[in-house]
Amino acid sequence: TADFSCTETFYQVSSIKDVRFGIGNTYYVDKQGVLTIKIVQIPKTFVGRPEFVLPQYDDIGKGGKGYALPRFERDGIRLPQRTKSNYLSLEADCVSTGAYCSEIPSIYEPTVCFIGFHQTGYDHCSFNMANGRIARYYADFSWVILSP
């Protein structure tokens, strides 16, 4: 319907931080040509109302039916359910040669953690402290100190 959209055009931002703190419809390309996007869970039947939206668990689904994000819930525990029909299709217009348009890309592993930290999950980095504790920060830059 006109109230919902099924496609979204991503727009370029000036840093990885802008991608991380965005709602999921941005991208960043660094000097080496590495593309960074934020993968977010989207509803099965739409991506916007009609503008792109990052749905929350309590958002009502299309047509007022169910929830926008399917889940299984029991006794206060909520588990997201995957949807089988969603997909992300990346299309690019390469107006120049080089940088992944006409050449085989070189191997490049971006640094995702601060110096001294190591990546211990897709969304967090950790540091083993001298006292046996572990300092951990997450993609949203929140911190926690874990006891041994």
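Residues numbered from 1 in each chain as written. Predicted model: local features only at pLDDT ≥ 70, side-chain atom pairs only at ≥ 80, totals over all residues. Heavy atoms only, no water.

Enquirer: Residues and numbers for the environment of R78, please.
Expert: Tracing the sequence through the fold places R78 in strand β5 (residues 77–80). For R78, a relative accessible area of 33% gives the class partly exposed. A polar contact is formed between the side chain of R78 and the side chain of D58, at a distance of 3.5 Å. A polar contact is formed between the side chain of R78 and the side chain of E73, at a distance of 3.3 Å. (Helix = DSSP H or I, 4+ residues; strand = E, 2+ residues; numbered from the N terminus. Buried < 20%, exposed > 50% of the residue type's maximum accessible area, 1.4 Å probe, protein only. Polar contact = N/O pair within 3.5 Å; in protein donor to acceptor, adjacent residues only side chain to side chain.)

Enquirer: Report on the pairing of strand β9 (residues 143–146), specifying residues and quantitative values.
Expert: Two strands pair when backbone bridges link them, and strand β8 (residues 134–138) and β9 are joined in this way by 4 bridges, in the antiparallel orientation. Along β9, the bridge assignment pairs A135 with I145. Here β8 hands over to β9 after 4 residues, with F141 in that stretch at a positive phi of 70°. (Pairing = 2+ DSSP bridges.)

Enquirer: Which residues make up the layout of surface pockets, and what values go with them?
Expert: Computed from the structure, the second largest pocket encloses a volume of approximately 1,000 Å³. Looking at the lining of the second largest pocket, the elements with two or more residues in it are α1 (16–20), β3 (35–37), β7 (124–128) and β8. The class makeup of the residues in the lining of the second largest pocket is 20 nonpolar, 5 polar and 5 charged. (1 Å grid on protein atoms, 1.4 Å probe; cavity = no way out; pocket = protein on both sides within 12 Å on 5 of 7 lines; lining within 4 Å. Points joined across faces, edges and corners; volume = space filled by probe spheres on them. Nonpolar A, V, L, I, M, F, W, Y, C, P; charged D, E, K, R; others polar.)

Enquirer: Give me the lowdown on the nonpolar core, citing residues and values where you can.
Expert: Core analysis: the biggest nonpolar cluster contains 5 residues, these being C113, F117, C125, A135 and Y137. With residues near it in sequence (within four places) discarded, C125 still touches V112, C113, F117, H118, Q119, T120, A135, R136 and Y137. (Core = buried A, V, L, I, M, F, W, Y, C linked by side-chain atoms within 4.5 Å. Contact = heavy atoms within 4.5 Å.)

Enquirer: Can you break down the packing of aromatic side chains residue by residue, with the values?
Expert: Across all of its chains, the model carries 6 aromatic pairs by this definition. With 5.5 Å between their ring centres and 70° between their planes, F117 and W143 make a pair best called edge-to-face. Residue F117 is located in the loop between β5 and β6 (118–121), and its partner W143 is located in strand β9; the two are separated by 26 residues in the primary sequence. With a relative accessible area of 49%, W143 lands in the partly exposed category. On the numbers, 5.1 Å between centres and 40° between planes, the contact of Y137 with W143 is tilted. Cluster of aromatic residues (ring-pair linked, three or more members): F114, F117, F127, Y137 and W143. (Phe/Tyr/Trp six-rings, centres within 6.5 Å; stacked < 30°, edge-to-face > 60°.)

Enquirer: Explain the sheet that holds β9 to me, and be specific about the residues and the numbers.
Expert: With antiparallel pairing, the 4 strands of this open sheet are ordered in space as β6-β7-β8-β9. Strands at the two margins of the open sheet, each flanked by one partner only, are β6 and β9. Across the sheet, the axes of successive neighbouring strands diverge by a mean angle of 35°, strand direction being ignored. (Axes fitted to C-alpha atoms, helices over the stretch in contact; angles between N-to-C directions.)

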